[in-house]
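# Coordinate analysis (summary)
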Protein chains: 2
Amino acid sequence: MGTKGAVVGEPPPRSALVTGATGFVGSHLAKRLVRDGWSVHAVVRAACEFPESDEMARVHRYLCDGRVESVIDAVAAAKPDVVFHLASLFIAQHQAADVDRLVESNILFGSQLLEAMAQARVACLVNAGTSWQHFHGPDYDPVNLYAATKQAVTDIIRYYVDACGIRCITLKLFDTYGPDDRRRKLLSLLIQAARTGEPLALSPGEQVMDLIFVEDVVEAFLVASGMLLDGCEPAYQDFAVSGGQRVSLRELVKLCEEIMGARIPVNWGARAYRPREVMVPEWFADGLPGWRPRYSLREGLSRVLLPGAA
Amino acid sequence: MGTKGAVVGEPPPRSALVTGATGFVGSHLAKRLVRDGWSVHAVVRAACEFPESDEMARVHRYLCDGRVESVIDAVAAAKPDVVFHLASLFIAQHQAADVDRLVESNILFGSQLLEAMAQARVACLVNAGTSWQHFHGPDYDPVNLYAATKQAVTDIIRYYVDACGIRCITLKLFDTYGPDDRRRKLLSLLIQAARTGEPLALSPGEQVMDLIFVEDVVEAFLVASGMLLDGCEPAYQDFAVSGGQRVSLRELVKLCEEIMGARIPVNWGARAYRPREVMVPEWFADGLPGWRPRYSLREGLSRVLLPGAA
């Protein structure tokens, strides 16, 4: 296909490298990129199971073994226009034995990735952060060690931005949800409780959540990559990616019951709140320019709760 | 020795755990603490050579093997009043192969130390940072990857401060010097050049340095520990530790020649400046309350350059 055959106004196909492509948001993003005609590469750990689908079969995979050299080789081979860094280890409340894994997954791997980008002169990075870097407001104030590791890797990224010509947008995500979520998170547990009739033990349920549908998150990553490819300034920026609708856990369960037309058995208060539970998200920040969520909570939940609704 | 025998006004002996006790500032600090009557503990890597001296022989040593468990065991056994965290890997200009080591030494080990402090309910931490976290001013702006790892571990520390009741003062050090410096740094090279007559290849030499004598640095660590033990607020603070006298590299060499009464053969300009050379330190910040350097540059250099001057 020569360039003369290109449709006027249609951007040329781009190439992307996705980390965390075996995870929830990462796999949705990788599939979307494939559908949109991108050439998609993924850096994966040897131990990761790669999700099977027609789209995922078209993703080029590079194994990394934990050392910087393997990441350098992968990025040099892929030479993408944009890197989407979504790989991370999420642990809400860590134990002592998790410290090494959190640092290795969330800081060491990110540092290796940036070094590899610098070496290969790959300039554009969209990085996934978390709203939990901001427990009580706009300053750094981590909810948990996971959020602290996300902030720490940002410090490393900023060195590469200053010194090596890399440009980065960090998207700080609120609570993501959507189909094909293999994480053991609330919605899966609610569906299971509704099916089995086995009561689900939850906290008193007054905490307010900011849920964002995965397709909206994927769209935010694409918008951010477009900004970087268009040469946006400054070279480092971050934005909040919020669903825009906040509901308490109790309200969420009610809404799920309505959508499913079924009762969900819950033992409210059978669990305590976490020691540092975010009762009301106190952080509001600039959203990504040119992006806003398209899915209302009801629409998004319907996609998850009603098979065939998509 | 019963408490009745204690001298009025003399504080009781304290116990300290020092990381980096085999390094330059760390070994000076450990020896000073021993001389001042502290019970001194050191966490060391199996591979480290422990400096020999009467004072160092009185330091309790705990081996750590790179995993969090060994650090937890060490801190639990030492149960110090204060932890002085000086261990770090310094690399001015890193190569790709250094990335893993920098993250492991400067972020992973620090994270393990904080987890160990939280577990053992050890609350007071004096942490060594670097002026190079501030290339062009008060905001975070790292000179090199080393400085970025120092900033990153601070974000981890701040989680433990917020969530686990730890209290920390970070001292951001300018360029330290003093006797018994086994690092291959400028002064050692100047002494060697004066002795051998072999010309030393240096940059053009216009960069301005802020040198601080090691005994002044040690005093700053002690003052910071006193503030923490006295319950200073807020729970996280940082301060600059500057020698207060800035000289160009050329002026420094001249001063050394004067003190030694000998010519130091230098090939000025035989090396290029580093890509991100700090030509003039642009960062000025609050110094530690109640502390200021006691050694003029001339006095400090005399201690290094004139054997027997101490």
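A quick note: this is a predicted structure, and the numbers were derived from the prediction, not measured.

### A closer look at the domain arrangement of chain A
All names here are of chain A. When cut into domains, chain A gives domain 1 (14-177 + 211-241) and domain 2 (186-209 + 245-282 + 295-305). A straight line from the C-alpha centre of domain 1 to that of domain 2 covers 28 Å. On the domain 1 side of the interface with domain 2, the three residues burying the most area are F135, Y177 and L211, jointly 41% of the side's total. Our enumeration of links across domain 1 and domain 2 arrives at zero salt bridges. At the boundary of domain 1 with domain 2, the tally comes to four residue pairs in polar contact (both at pLDDT 80 or more). Counting residues per element, the ones that place at least two in the side of domain 1 that touches domain 2 are β7 (175-177), β9 (208-213) and α7 (214-229). Residues that form the side of domain 1 that touches domain 2 fall into these classes: nine nonpolar, three polar and three charged.

### Considering the environment of R195 of chain B
Inspection of the secondary structure puts R195 of chain B in helix α5 (residues 186-196). In this structure R195 of chain B comes out as exposed when scored by relative accessible area, which is 69%.

### Points about the sheet that holds β7 of chain A
Residues and elements named next belong to chain A. Spatial strand order, β7-β9-β11: three strands in an open sheet with mixed pairing. Of all the strands in the sheet, the pair left with one neighbour each is β7 and β11 (246-248). Taken pair by pair, the neighbouring strands of this sheet meet at an average axis angle of 50°, ignoring direction. Examined bridge by bridge, β9 and β11 share three bridges and lie antiparallel to one another. When the sheet's bridge partners are listed, V208 is paired in β11 with S248. Strand contacts of helix α8 (residues 249-260): β9 and β11, with the helix running at about 95° to β11, the strand carrying the most contacts.

### Quick notes on the side chain of S248 of chain B
All names here are of chain B. Within the secondary structure, S248 is located in strand β11 (residues 246-248). Judged by relative accessible area, which is 10%, S248 ranks as buried. Apart from residues lying up to four places away in sequence, S248 is in contact with G205, E206, Q207 and V208.

### A few points about the relation of the copies chain B and chain A
Turning chain B through 180° and shifting it by 0.0 Å along the axis lays it on chain A, with an RMSD of 0.0 Å. Expressed as a symmetry operation, the mapping of one chain copy onto the other fits a two-fold axis. Closest to the rotation axis within chain B is the C-alpha of A152 of chain B, separated from it by 2.1 Å. Most of the interface of chain B is mirrored in chain A, where 100% of its interface residues again form contacts.

### Side note on the packing of aromatic side chains
Residues and elements named next belong to chain A. Under the definition given, this model contains 16 aromatic pairs over all chains. Note on F213 and Y295: the rings are 4.5 Å apart at their centroids and 45° apart in plane angle, and the pair reads as tilted. One end of the pair, F213, is in strand β9; the other, Y295, is in the loop between β12 (266-268) and α9 (297-305), with 82 residues separating them in the sequence. The ring of Y236 carries R158 above its face, with NZ or CZ at 5.8 Å from the centroid.

### Digging into the nonpolar core
Looking at soluble globular proteins, one finds that nonpolar side chains tend to be buried together. V75, L145 and Y160 of chain A together with V75, L145 and Y160 of chain B are the most contacted members of the largest nonpolar core, which has 82 residues in total. Listed by contribution, the elements that provide at least two residues to this core are β3 (60-64), α3 (68-78), α4 (99-120) and α5 (145-164) of chain A together with β3 (60-64), α2 (68-78), α3 (99-120) and α4 (145-164) of chain B. Dropping the residues within four chain positions of it, Y160 of chain A is found in contact with S111, L114, E115, A118, G165 and I166 of chain A together with H94, V99 and L145 of chain B.

### A short note on the sheet that holds strand β10 (residues 236-241) of chain B
Residues and elements named next belong to chain B. Taken together, the seven strands give an open sheet; going across it, the order is β3-β2-β1-β4-β5-β6-β10, and neighbouring strands pair in parallel fashion. Every other strand in the sheet has two partners, leaving β3 and β10 as the edge strands with one partner each. For this sheet the average axis-to-axis angle between neighbouring strands, irrespective of direction, equals 20°. Summarising the sheet, strand β1 (residues 15-19) and strand β2 (residues 39-45) pair through five bridges and their orientation is parallel. Its bridge partner being in β2, V18 is matched across the sheet by A42. Packed onto the sheet, α4 meets β5 (124-130), β6 (167-173) and β10 and runs at close to 160° relative to β5.

Here is what the cut-offs are and how they apply
- Residues numbered from 1 in each chain as written.
- Chains lettered and ligands numbered in written order.
- Predicted model: local features only at pLDDT ≥ 70, side-chain atom pairs only at ≥ 80, totals over all residues.
- Heavy atoms only, no water.
- Domains from an automatic or database assignment.
- Buried area = accessible area lost by both parts, 1.4 Å probe.
- Salt bridge = Lys/Arg side-chain N within 4 Å of Asp/Glu carboxyl O.
- Polar contact = N/O pair within 3.5 Å; in protein donor to acceptor, adjacent residues only side chain to side chain.
- Helix = DSSP H or I, 4+ residues; strand = E, 2+ residues; numbered from the N terminus.
- Nonpolar A, V, L, I, M, F, W, Y, C, P; charged D, E, K, R; others polar.
- Buried < 20%, exposed > 50% of the residue type's maximum accessible area, 1.4 Å probe, protein only.
- Pairing = 2+ DSSP bridges.
- Axes fitted to C-alpha atoms, helices over the stretch in contact; angles between N-to-C directions.
- Contact = heavy atoms within 4.5 Å.
- Least-squares fit on C-alpha atoms with pLDDT ≥ 70 in both.
- Phe/Tyr/Trp six-rings, centres within 6.5 Å; stacked < 30°, edge-to-face > 60°.
- Lys NZ or Arg CZ within 6 Å of the ring centre and 35° of its normal.
- Core = buried A, V, L, I, M, F, W, Y, C linked by side-chain atoms within 4.5 Å.

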